Amino acid sequence: MKKILWILLCLVVLTTSAFAQADLSGLTGSFEDFADGVATSLPLAAAIGLNWNDAYTKGFPHFGVGITTGAAFIPVSSFNEIADVLEISEVSAITDKVNLGVPLPVYCLDARIGIPILPMDVGVKFGMIPESAKEFLSGMTDFGFDYSMVGIEARYAILEGKGPMPELSVGVGYTRLTGNITMPGIGSQSIDLPAELNSTVGNTLNIAPSDINFGWTANVIDLKAQASMNLLLFNVSAGLGYSHGFTQAGGGFDGVVMIDDAEVTQAQIDELESAGIDNLSGTGLEILSQTDGGNFRLFGGVGLNIALLKWDLGVIYGLADQSLGLSTNIRIQL
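Owing to the predicted nature of the structure, the values given are computational and were not obtained by experimental measurement.

This next bit is on the overall build of the protein. Within the protein one finds six helices and 16 strands. When the 334 residues of the protein are sorted by exposure, 50% land in the buried category. Put simply, the protein shows about 14800 Å² of open surface, and 64% of that area lies on carbon and sulfur atoms.

Enumeration over the complete set of coordinates arrives at two aromatic pairs. Judged by centre distance (4.8 Å) and plane angle (50°), the ring pair of Tyr242 and Phe296 falls under tilted. Within this pair, whereas Tyr242 is found in strand β10 (residues 234-254), its partner Phe296 is found in strand β14 (residues 284-306), the two being separated by 54 residues in sequence. The ring of Trp52 has Arg112 lying over it, and the distance from NZ or CZ to the ring centre is 5.3 Å.

Attention shifts here to the environment of Asn329. Here Asn329 lies in strand β16 (residues 324-333). Asn329 sits in the buried class, given a relative accessible area of 2%. Along the sequence, Asn329 and Asp110 sit 219 residues apart, while their C-alpha atoms lie 9.2 Å from each other. If we skip the residues at most four places from it in the chain, Asn329 touches Trp52, Gly66, Ile67, Thr68, Asp110, Lys310, Trp311 and Asp312. Among the polar contacts listed, one links the side chain of Asn329 to the side chain of Thr68, at a separation of 2.8 Å.

This part is about the side chain of Lys125. In this fold, Lys125 is placed in strand β4 (residues 120-128). At a separation of 3.2 Å, a polar atom in the side chain of Lys125 contacts the main-chain carbonyl oxygen of Ile48. A distance of 3.3 Å separates the side chain of Lys125 from the backbone oxygen of Gly49, its partner in a polar contact. Beyond its immediate stretch of four places on either side in the chain, Lys125 contacts Ala46, Ala47, Ile48, Gly49, Leu50, Cys108, Leu109, Asp110, Met149, Val150, Gly151 and Thr175.

The next subject is the nonpolar core. Of all hydrophobic cores here, the largest spans 48 residues; its most connected members are Leu205, Leu272, Ile277, Leu280 and Leu285. When residues of this core are assigned to their parent elements, the largest contribution, 10 residues, is made by helix α2 (residues 24-46). Contacts of Leu205, omitting those with residues within four sequence positions, involve Gln189, Ser190, Ile191, Leu193, Val257, Met258, Ile259, Leu272, Ile277 and Leu285.

The rules behind each value
Residues numbered from 1 in each chain as written. Predicted model: local features only at pLDDT ≥ 70, side-chain atom pairs only at ≥ 80, totals over all residues. Heavy atoms only, no water. Helix = DSSP H or I, 4+ residues; strand = E, 2+ residues; numbered from the N terminus. Buried < 20%, exposed > 50% of the residue type's maximum accessible area, 1.4 Å probe, protein only. Areas by Shrake-Rupley, 256 points an atom, 1.4 Å probe, with all protein chains shown as cover. Phe/Tyr/Trp six-rings, centres within 6.5 Å; stacked < 30°, edge-to-face > 60°. Lys NZ or Arg CZ within 6 Å of the ring centre and 35° of its normal. Contact = heavy atoms within 4.5 Å. Polar contact = N/O pair within 3.5 Å; in protein donor to acceptor, adjacent residues only side chain to side chain. Core = buried A, V, L, I, M, F, W, Y, C linked by side-chain atoms within 4.5 Å.

Have a look at this one:
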């Protein structure tokens, strides 16, 4: 919950702007930069859950059930770009204090079970925010927050960790991760349209005081190799992974939209779609960015084993963009 409130705190200052003047390229560019920043963090976020510290659960009927929480970190520059365009200087007062980036919270229930005959295990993970928690969070902050994660993974043990040998496995998985934040009360926006659109669309895009939305969706395919070893009550692990994500992220405004103080027409909507506004109507607009790419990562952790109770701490490091993820898991494992 603290991690969720941190990301909301970094966004809440956006509601302090009474009026802002910007141009269309700056607006679309800032949301696209936010989307790109989120897109670099989503593959790491998708790797949280089922990133247990032991490389192999052993064969059937061995199994484990637990809960994982963690965060991947969005570059602060993604928020600063939007703040600059909307003329909100207060954002830097918060983002300057989060050196690792703004945390994108992740949590899920996860479980694994061994497969008969073959040295394999299969895992599933699932996370969402219950309606009661959404209402509680909204009642405290006047924000809307939605989140869901679902994933599956299979691992094959190359070494089963017998005697002094470590456990060594390779795995493949798929995760779908979605999220959305809605904030009320952002001030009016006046967006100058490019000169080439003045004769066909108009001069100014006016947005009344409105909600502002940020959202993301990622479909991530993951490959990994992991080694682990038991040392008395402790378990240590290290691994290398590759995630390929198909992501869409962005944001927009949920309020009355007019052009030069007149209602938006279909012809104007068609023109502005070609200028970077993906979804536009008289009641809002949305700017989205799609990214298709991969990232190698290093990961590792340490675990404490007390009978059937396992407690892990893990770290994930994205090699391409130097992004970071942290996680913890507690589970019952037989």
